[in-house]
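A structural walkthrough
The primary structure of each chain is shown beneath.
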Amino acid sequence: MPSDPRSSRTEPPLVLTPDAEYEGAPDLEEQVFAGSVRLATYRAHLADEIPERIWGECEGMLAWHNIQIDETLIPRLSRCRIIVRVGAGFDNMALEPCGRAGIAICNVPDYGVNEVSDHAIALMLALDRAIVRYHEAIVADPVGGWVVPKVASIRRLPGMTFGVVG
């Protein structure tokens, strides 16, 4: 039986985020892991932008959506045992090949649920209240851009029916 490459480790395991969607240090991850792991965070769009050594050392991964976790990448993940898709889907994950390689995959099924619905409502209200048209009119003419009939007719919300399908 081959020995586990993790058993001879002298430093904490490496958790890789290859395609982070944020700038700067991963503050939340540092708080959650509290020094129990080493973090390697990149904002890559292609797997080849990450050093080969990092792929080989990572034991866990927080994957967003830019890097494809596919049949060509999986052999490079010699120590990886889990990939968490930071989002609701698995659109960039080759699930069966990961399973055959012994890499567990999970996602965050409720990721962004409130944010998406809040934003959808905000956009619908922005359309109803003609906020973008007013903004453009004011930028073009700071004095006359406030004139309602020139920009848009605005309906009042009371009595309106609001529907969301999704």
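Residues numbered from 1 in each chain as written. Predicted model: local features only at pLDDT ≥ 70, side-chain atom pairs only at ≥ 80, totals over all residues. Heavy atoms only, no water.

**A closer look at the overall build of the chain**
Summing up its helical and strand segments, the chain has six helices and five strands in all. Intrachain contacts of the chain at a sequence separation of at least 6 include 45% that bridge at least 24 residues. Of the accessible surface of the chain, which amounts to about 10900 Å², a share of 59% is contributed by carbon and sulfur atoms. (Helix = DSSP H or I, 4+ residues; strand = E, 2+ residues; numbered from the N terminus. Contact = heavy atoms within 4.5 Å. Areas by Shrake-Rupley, 256 points an atom, 1.4 Å probe, with all protein chains shown as cover.)

**Regarding the sheet that holds strand β2 (residues 38-41)**
Read from one edge to the other, the open sheet built from five strands follows the order β2-β1-β3-β4-β5, with strand pairing classed as parallel. Strands at the two margins of the open sheet, each flanked by one partner only, are β2 and β5 (104-107). The mean inter-strand angle of the sheet, taken between neighbouring strand axes irrespective of direction, is 20 degrees. Looking at chain direction, strand β3 (residues 58-63) and strand β4 (residues 82-85) are connected through four bridges and run parallel. The partner of Ala 63 across the bridge, within β4, is Arg 85. (Pairing = 2+ DSSP bridges. Axes fitted to C-alpha atoms, helices over the stretch in contact; angles between N-to-C directions.)

**Section: the packing of aromatic side chains**
One pass over the structure, following the stated rule, counts two aromatic pairs. When the ring of Tyr 22 is compared with that of Trp 64, the centres are 6.1 Å apart and the planes differ by 70 degrees; the resulting orientation is edge-to-face. Taken together, the positions of Tyr 22 in the loop between β1 (14-17) and α1 (27-33) and Trp 64 in the loop between β3 and β4 put the pair 42 residues apart, joining distant regions of the chain. Here Trp 64 falls in the buried class, since its relative accessible area comes to 12%. (Phe/Tyr/Trp six-rings, centres within 6.5 Å; stacked < 30°, edge-to-face > 60°. Buried < 20%, exposed > 50% of the residue type's maximum accessible area, 1.4 Å probe, protein only.)

**Some thoughts on the side chain of Thr 17**
Looking at the secondary structure, you find Thr 17 in strand β1. Since its relative accessible area comes to 2%, Thr 17 is described here as buried.

**Thoughts on the confidence of the model for the chain**
In this model, the chain carries a mean pLDDT of 86, and residues with pLDDT of at least 70 account for 89%. Per-element mean pLDDT across the chain ranges from 66 in helix α6 (residues 148-151) up to 97 in helix α2 (residues 52-57). (pLDDT = per-residue confidence, 0-100.)

**Remarks on helix α4 (residues 113-128)**
In this model, α4 (16 residues) spans 23 Å end to end at C-alpha, consistent with the 22 Å of a helix rising 1.5 Å per residue. Looking one or two residues past α4, Ala 130 carries a phi angle of roughly 55 degrees, positive in sign. (Expected span 1.5 Å × (residues − 1).)

**As for the pairing of β4**
What you see with β4 is a clean split: Ile 83 and Arg 85 sit on the buried side and Ile 82 and Val 84 on the side with no burial. Pairing between β4 and β5: four bridges, direction parallel. Opposite Ile 83, over in β5, you have Ile 105 as the bridge partner. Once the chain exits β4 it traverses helix α3 (residues 95-100) before rejoining the sheet at β5, and the crossover so formed is right-handed. (Right-handed = clockwise from strand over helix to strand, strands pointing away.)

**Digging into a nonpolar patch on the surface**
Residues Ile 121, Leu 125, Leu 157, Met 160 and Phe 162 make up a contiguous nonpolar surface patch of about 410 Å² in total accessible area. Structurally, the position occupied by Met 160 is in the segment after α6. (Patch = residues over 30% accessible without salt bridge, like charges linked within 9 Å, V, L, I, M, F, W, Y side chains within 5 Å. Salt bridge = Lys/Arg side-chain N within 4 Å of Asp/Glu carboxyl O.)

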